[in-house]
Amino acid sequence: MYEKIKNSAEYIAHFLNNEEYTIGIILGTGLGELGKSIEIKHTLPYSTIPDFPVSTVQGHKGNLLIGKFGGKNVIAMQGRFHFYEGYPMTEVTFPVRVLHEIGVKHLFVSNAAGGVNTNYLVGDLMVITDHINLFPEHPLRGHNLDELGPRFPGMTDAYSPRIIKIANECARQLDIKLQHGVYAGLQGPSFETPAEYNWIRVIGGDAVGMSTVPEIIVARHMGMECFGMSVITNSTASPELIKTNHAEVQDIGNTAQPRMTALFREIISKL
Ligand code: HPA
């Protein structure tokens, strides 16, 4: 696998002009617009990058955007690979390996999540302070690539307390309300039953979604500094009102874009 990572990274490096790119962003729900705010120097379709997986989900783009955002060089993934699409964990997390190989040290991610914390409102932004891994397969299962990280990596402070502090300051400045909570990641693609939402609340989750956890585990395996934010697209606080659907998740995700983009710009400019 390391050979494939190097192949992809080597190809992408041709477009970096020998400049440093230390910030990577995975543009999940809520950050699609951020792609438009990047002063783009190059757009690389995933299909043109040797050994890179290719997006299959409708409405999900598959491009690597290279450019400037918040005054910094950034590489952004427009389109990510979900486990529920059928990709093995090695492919779900492959782009994070490649970003690291290119020199990315700070990884920013966003996602849509169901709010299970009863204080959360639809449309809230939640800073991910920690996660619970409920995926059926671990992204580090199998042979460990010792060149990249240890066999048994720690997962305390997986979400950088330093960047969370910066995020809090930026949110205050921009007058954006933030929640802080634990993201429970599971495979999907069905949304949860009321009993499952309740179970997630009981085990300590504040929000639940189908991404992010594998990417963060792999990023932390390689020592990258991570920051994640969820848009709370649906409330699951009262079981009788749960009617989660994909259209609602996308609509609410879209309404969060301006706030999320402004916040990420400010955080990245202060990094
Ligand atoms: N569950 C899982 N993933 C989600 C949800 C949810 O309720 N909302 C948005 N993504």
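Look up: the structure comes first, before these words.
S.K.: Whenever I open this one, the site of the ligand confuses me. Can you help?
M.R.: Taken together, 13 residues sit near the ligand, with Gly114, Glu192, Tyr197, Thr233 and Asn234 positioned nearest. Valine 208 places a main-chain nitrogen or oxygen 3.5 Å from a nitrogen atom of the ligand. Calculation on the ligand without its partners gives an accessible area of 260 Å², and the protein chains cover 97% of this total. Elements represented by at least two residues in the shell around the ligand include exactly strand S5 (106–115), strand S8 (207–209) and strand S9 (225–235). Looking at the shell around the ligand, the element that brings in the most residues is S5, giving three residues. A class-by-class count of the residues in the shell around the ligand yields seven nonpolar, five polar and one charged.

S.K.: Help me out: how do you make sense of the packing of helix H1 (residues 2–13) against helix H4 (residues 94–102) in this one?
M.R.: A packed helix pair is summarised by two numbers, namely the angle formed by the two axes and the spacing between the axes. Where H1 meets H4, the axes come as close as 9 Å, and the angle between the chain directions of the two elements is 60 degrees. It follows from the interaxial angle that H1 and H4 lie oblique. Handedness of the crossing formed by H1 with H4: right-handed. Contact with H1, carried on its side by Tyr2, Lys4, Ile5, Lys6, Ser8, Ala9 and Ile12, involves Phe94, Arg97, Val98, Glu101 and Ile102 of H4 and no other residues of that element.

S.K.: Quick question: what am I supposed to make of the packing of aromatic side chains here?
M.R.: Two descriptors summarise a pair of aromatic rings, namely the distance from one centre to the other and the angle between the planes of the rings. Applying the stated rule across the entire model yields 10 aromatic pairs. Between phenylalanine 83 and phenylalanine 135, the ring centres sit 6.1 Å apart and the planes meet at 80 degrees, which makes this aromatic pair edge-to-face. In this pair, phenylalanine 83 sits in the loop between strand S4 (72–78) and helix H3 (89–92) while phenylalanine 135 sits in the loop between strand S6 (125–133) and helix H5 (161–174), placing the two residues 52 residues apart along the sequence. Here phenylalanine 83 falls in the buried class, since its relative accessible area comes to 15%.

Quick notes on the rules
Residues numbered from 1 in each chain as written. Predicted model: local features only at pLDDT ≥ 70, side-chain atom pairs only at ≥ 80, totals over all residues. Heavy atoms only, no water. Near = heavy atom within 4 Å. Polar contact = N/O pair within 3.5 Å; in protein donor to acceptor, adjacent residues only side chain to side chain. Areas by Shrake-Rupley, 256 points an atom, 1.4 Å probe, with all protein chains shown as cover. Helix = DSSP H or I, 4+ residues; strand = E, 2+ residues; numbered from the N terminus. Nonpolar A, V, L, I, M, F, W, Y, C, P; charged D, E, K, R; others polar. Axes fitted to C-alpha atoms, helices over the stretch in contact; angles between N-to-C directions. Parallel < 35°, antiparallel > 145°, perpendicular 65-115°, else oblique. Left-handed = near helix turned anticlockwise from the far one by under 90°. Contact = heavy atoms within 4.5 Å. Phe/Tyr/Trp six-rings, centres within 6.5 Å; stacked < 30°, edge-to-face > 60°. Buried < 20%, exposed > 50% of the residue type's maximum accessible area, 1.4 Å probe, protein only.

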